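# Understanding the architecture of this molecule
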Amino acid sequence: MKLARTLQLDISDENVFEKPAPSGEWAISGGFEFSNWTEADLKGKARQAFSNGWYSIESGGRASFVGVCNITEPELEHVRRTLAQTFVDHYGAPDIDAAYPVACEEIDQMRSMCEDFEDNTLLMVSRTLTELGVEETYRSRGPQDASLEAFAVHGSVD
């Protein structure tokens with residue numbers, strides 16, 4: 001099974017997102033956050049999150065890039081429950097029983113997309129606001145010589 005983890009290839013996410021996601025967190029598109037937005041909402045860092053930000057399930061932050069990698073069944077269940085609880089705590093879901101199937105659907109959509117790519121493939125999202133709602137398109141860059149772990153390093157460069 002595959003899903004994607006957030007990546008910070010440089011410090012730009014720290015500058016463009018209100019809440020940048022750390023490297024290594026499980027991610028989905030997160031377009032649900034923008035379902036009721038209008039052009040008036042698309043200002044400053046919120047515009048960047050809308051235009052190009054993947055949603056981190058653990059922190060609720062945004063990242064410009066994610067990398068495809070394997071996920072275990074216990075990890076998958078954990079991110080399902082984490083996202084469901086987020087829907088209750090921050091997005092108005094009435095309870096975990098109502099939120100859980102929606103969280104599974106969001107994650108399954110991302111899993112399905114990731115299954116089409118090799119491990120370590122970089123994915124980018126682009127959103128536009130249309131009369132019909134939010135339209136998402138995706139781009140990919142195949143793995144090079146370095147593995148995902150080379151980019152998802154934690155710690156200081158000092």
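Note that the structure is predicted; figures quoted are calculated from it, not measured. One numbering rule holds for all chains: residues counted from 1, following each sequence as written. Thresholds applied to this predicted model are a pLDDT of at least 70 for local features of residues and 80 or more for the giving and counting of side-chain atom pairs; totals over whole chains, interfaces and linings are not thresholded and use all residues. Each side-chain value is derived from all of the structure's non-hydrogen atoms; neither hydrogens nor water enter the calculation.

### Points about the pattern of salt bridges
For this document, the term salt bridge refers to a Lys or Arg side-chain nitrogen within 4 Å of an Asp or Glu carboxyl oxygen. Evaluation of the coordinates by the stated rule reveals 10 salt bridges. Put simply, glutamate 39 and arginine 47 hold a salt bridge, and the shortest N to O gap is 3.8 Å. Glutamate 136 is paired through a salt bridge with arginine 127; the nearest N and O atoms lie 2.7 Å apart. The network of salt bridges with shared partners includes Glu73, Glu77, Arg80, Arg81, Asp108 and Arg111.

### Focus on unusual backbone geometry
The phi dihedral of asparagine 120 is positive, around 75 degrees, even though this residue is not glycine. To qualify as a helix, a DSSP run of H or I must reach at least 4 residues; to qualify as a strand, a run of E must reach at least 2; elements of each kind are numbered from the N terminus. By secondary structure assignment, the location of asparagine 120 is in the loop between helix H4 (96-114) and strand E6 (122-130). Here's how the labels work: a residue is buried when its accessible area is under 20% of the maximum for its type, exposed when over 50%, partly exposed in between, all with a 1.4 Å probe on protein chains only. Of the residues examined, asparagine 120 reaches a relative accessible area of 23% and is grouped as partly exposed.

### Observations concerning the nonpolar core
Among the buried residues, those of types Ala, Val, Leu, Ile, Met, Phe, Trp, Tyr and Cys that are joined through side-chain atoms within 4.5 Å form a nonpolar core. Judged by nonpolar contacts, the single largest core of 27 residues is most densely connected at Ile28, Trp54, Val79, Leu83, Ile107, Met110 and Leu123. At the level of elements, strand E1 (2-7), strand E2 (26-28), strand E3 (54-56), strand E5 (65-70), helix H3 (73-90), H4 and E6 are the ones that each hand at least two residues to this core. It is H4 that provides the largest number of residues to this core, a total of 6 residues. Once residues lying within four places of it in the same chain are set aside, the contact partners of isoleucine 28 are Trp54, Tyr55, Ile57, Leu83, Glu106, Ile107 and Met110. Of all hydrophobic cores here, the second largest spans 5 residues; its members include Phe17, Phe34, Leu42 and Ala49. Contacts are assigned to residue pairs that have any heavy atoms within 4.5 Å of one another.

### Considerations on H4
Structural remark: α-helix, 3.6 residues per turn; residues separated by three or four positions point the same way. Residue count minus one, scaled by 1.5 Å, sets the expected span of a helix. Between the first and last C-alpha of H4 there are 26 Å, a value that for 19 residues agrees with the 27 Å anticipated at 1.5 Å per step. Considered for burial, the residues of H4 that qualify are Ala99, Ala103, Cys104, Glu106, Ile107, Met110, Arg111, Met113 and Cys114. As used in this structure description, the phrase polar contact means that two N or O atoms lie within 3.5 Å; if the pair is within protein, one of them must be able to donate a hydrogen and the other to accept it, and residues adjacent in sequence are counted only when both atoms belong to side chains. By the N-cap criterion, in which a side-chain oxygen at the helix start approaches the backbone nitrogen of a residue two or three places on, H4 is capped by aspartate 95, the distance to aspartate 97 being 3.1 Å.

### A short note on the confidence of the model for the protein chain
It should be kept in mind that the predicted coordinates are not to be read in detail where pLDDT is low. A score between 0 and 100, pLDDT records how confident the predictor is in each residue. Considering every residue of the protein chain, the mean pLDDT works out to 91; 91% of them sit at 70 or more. In this model, residues 153-158 is a region of pLDDT below 50 whose contacts with residues beyond four sequence positions or in other chains number 1 contact.

### Notes on the packing of H3 against H4
Packed helix pairs are characterised by how far apart their axes lie and by the angle those axes make with each other. The angle between two axes is taken between their N-to-C directions and runs from 0 to 180 degrees, where each axis is a line fitted to C-alpha atoms and a helix contributes only its stretch in contact. In the contact formed by H3 and H4, the axes pass within 8 Å of each other and the chain directions differ by 125 degrees. Here H4 runs oblique to H3, going by the angle between their axes. At the point where H3 passes H4, the crossing takes the right-handed sense. Across the interface between the two elements, Leu76, Glu77, Val79, Arg80, Arg81, Leu83, Ala84, Gln85, Phe87 and Val88 from H3 touch Ile96, Ala99, Tyr100, Val102, Ala103, Cys104, Glu106, Ile107, Asp108 and Arg111 from H4. Of the residues contributing to the contact of H3 with H4, the split by class is 13 nonpolar, 1 polar and 6 charged. When an angle is under 35 degrees it counts as roughly parallel; over 145 it counts as roughly antiparallel; between 65 and 115 it counts as roughly perpendicular; any other value is oblique. We call a crossing left-handed when the near helix sits turned anticlockwise from the far one by less than a right angle, and right-handed when that turn is clockwise. When residue character is reported, Ala, Val, Leu, Ile, Met, Phe, Trp, Tyr, Cys and Pro are called nonpolar, Asp, Glu, Lys and Arg charged, and the others, Gly included, polar.

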